[in-house]
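Summary of the model geometry
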Amino acid sequence: MASPSTTTRLTELTTIIATETKKVEDYFAQHNLPNLSFAADGPADFPVPGSNGEIQASRRTVINATQELHDLMVGPRETVRWLAWSYNDNLSLQAVYQFNIAKAVPIGGEASYTEISKAVGVDEINVRRLVRHAMTNRIFRESRDGYVAHTAVSRILVDDPRMSDWVGLCSSDFFPSAAHTVSAMIKFPMSQEPSQTGFNLGFNVEVPMFVEIGKDPARAKRFGGGMTSLTGGEGYEVEYLVDGYPWAELGEATVVDVGGSHGFVCVALGRKFPSLRFVVQDLPTTVADGPSEIPPELSNRIEFQAHDFFTEQPIKDADVYFFRWIFHNWSDKYSVKILQSLIPALKPGARIVINDNVLP
Ligand SMILES: C[S@@+](CC[C@H](N)C(=O)[O-])C[C@H]1O[C@@H](n2cnc3c(N)ncnc32)[C@H](O)[C@@H]1O
């Protein structure tokens, strides 16, 4: 029999939501901050810095409590139904990205479905279906019957090219891979091979994902841009890394950022620790785009080198070999290979620093 405690929990949650929301609103009022809104000119981010622990804790509590309240109200059976259907959210987002629909809607104005259809070269019925579906996630709004305007969410796809890269990477590279992951598990049971994955079945290719993406400069650039965007996202800020390790104690030291993409981590470290020098290693197409991302004042301390981390590490005298978000991409077999290829380069006292996420 169902526990009668649900009613109590609902009331508890509404009280938590009201109390913590008031703290946030009072803070906004005291600091003259804009109201939260999805209007196209509304704030794109929560307008209180992450360092404000108290308001961020209230915000987090409201997010969790409203989610729980929502889920309780929806109920277990309908939760499963909607979860199973949520691929449609990726689908409409992929269409918006792929057909560049956000750019077909003027900021501060509106466009009819007919105009969008002409601008993006997709038939009007599908434009209408997909854009209206995207609206269920607050991507665009219908300003009047048959006309589309931006919201603060859709506007980000125009204003923030790196977020657009992230959307493209997730919807166009990861979504098809995820859709084939279980098929890959059935076809290649217990495989540790990077060429026997959902990506391989999804794109019908035999080489590992990074090799395939690296063959196409535009796709590699999108991957790098997407990673930069993710790193700027809440909870992933590079400051945790900058402040969370005693970099200053290394003194005059060389840090090799293995698989360092476009070098944005080294930029953040280089700004704060002037005695560090950096070599960013990655696949050739990725490092080709790196130097243009480095601010001029750091270009003499950050260099790029094409290097495949499965081959012997070419930099022999470094103080730190740094791996950020590398090992979670590889099975144990290949993670061991990546580490073994460092061995010939390690001088006494050299460090291997790993910054990665672990699912608890
Ligand atoms: C998840 S990204 C992490 C990027 C960066 N370290 C960061 O913190 O965002 C993994 C990186 O590994 C690179 N990579 C993949 N295979 C590689 C290989 N065999 N040798 C060197 N880099 C590789 C990719 O190009 C990509 O930039």
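Residues numbered from 1 in each chain as written. Predicted model: local features only at pLDDT ≥ 70, side-chain atom pairs only at ≥ 80, totals over all residues. Heavy atoms only, no water.

An unreviewed UniProt entry annotates the chain as O-methyltransferase domain-containing protein originating from Cryomyces antarcticus.

If you check the shell around the ligand, you find 19 residues, and the closest are G259, D282, D308, F309 and R324. Between G259 and the ligand, the recorded distance is 2.8 Å, taken from a backbone N or O atom to a nitrogen atom. One nitrogen or oxygen atom from the side chain of R324 is found 2.6 Å from an oxygen atom belonging to the ligand. Coverage of the ligand by the protein amounts to 96% of the 590 Å² it exposes when considered alone. (Near = heavy atom within 4 Å. Polar contact = N/O pair within 3.5 Å; in protein donor to acceptor, adjacent residues only side chain to side chain. Areas by Shrake-Rupley, 256 points an atom, 1.4 Å probe, with all protein chains shown as cover.)

As a packed pair, helix α4 (residues 87-98) and helix α8 (residues 161-179) sit with axes 9 Å apart at the nearest point and diverge in direction by 125 degrees. By the criterion of interaxial angle, the relationship of α4 to α8 is oblique. The handedness of the crossing between α4 and α8 comes out as left-handed. Here Y87, N90, L91, L93, Q94, Y97 and Q98 of α4 lie close against α8, whose contacting residues are S164, V167, G168, S171, S172 and F175. Tallied by class, the residues present in the contact of α4 with α8 amount to six nonpolar, seven polar and no charged. (Axes fitted to C-alpha atoms, helices over the stretch in contact; angles between N-to-C directions. Helix = DSSP H or I, 4+ residues; strand = E, 2+ residues; numbered from the N terminus. Parallel < 35°, antiparallel > 145°, perpendicular 65-115°, else oblique. Left-handed = near helix turned anticlockwise from the far one by under 90°. Contact = heavy atoms within 4.5 Å. Nonpolar A, V, L, I, M, F, W, Y, C, P; charged D, E, K, R; others polar.)

Looking at where D289 falls in the secondary structure, it is placed in helix α15 (residues 284-289). Residues in contact with D289, not counting those within four places in the same chain, are K221 and H262.

In this section: helix α7 (residues 152-159). For α7, the set of buried residues is A152, S154 and L157. The N-capping residue of α7, defined by a side-chain oxygen 3.2 Å from the backbone nitrogen of V153, is T151. (Buried < 20%, exposed > 50% of the residue type's maximum accessible area, 1.4 Å probe, protein only.)

Let us look at the sheet that holds strand β6 (residues 302-306). If you walk across this open sheet you meet the five strands as β6-β5-β4-β7-β8, and the pairing is parallel. At either end of the open sheet lies a strand with only one pairing partner, and these are β6 and β8 (351-355). When the angles between neighbouring strand axes are averaged without regard to direction, this sheet yields 25 degrees. Pairing geometry for strand β4 (residues 253-258) and strand β7 (residues 320-324), over four bridges, is parallel. Directly across from V256, in β7, lies its bridge partner Y321. The sheet strands contacting helix α14 (residues 264-272) are β4, β5 (276-282), β6 and β7, and the helix crosses β5 at an angle near 175 degrees. (Pairing = 2+ DSSP bridges.)

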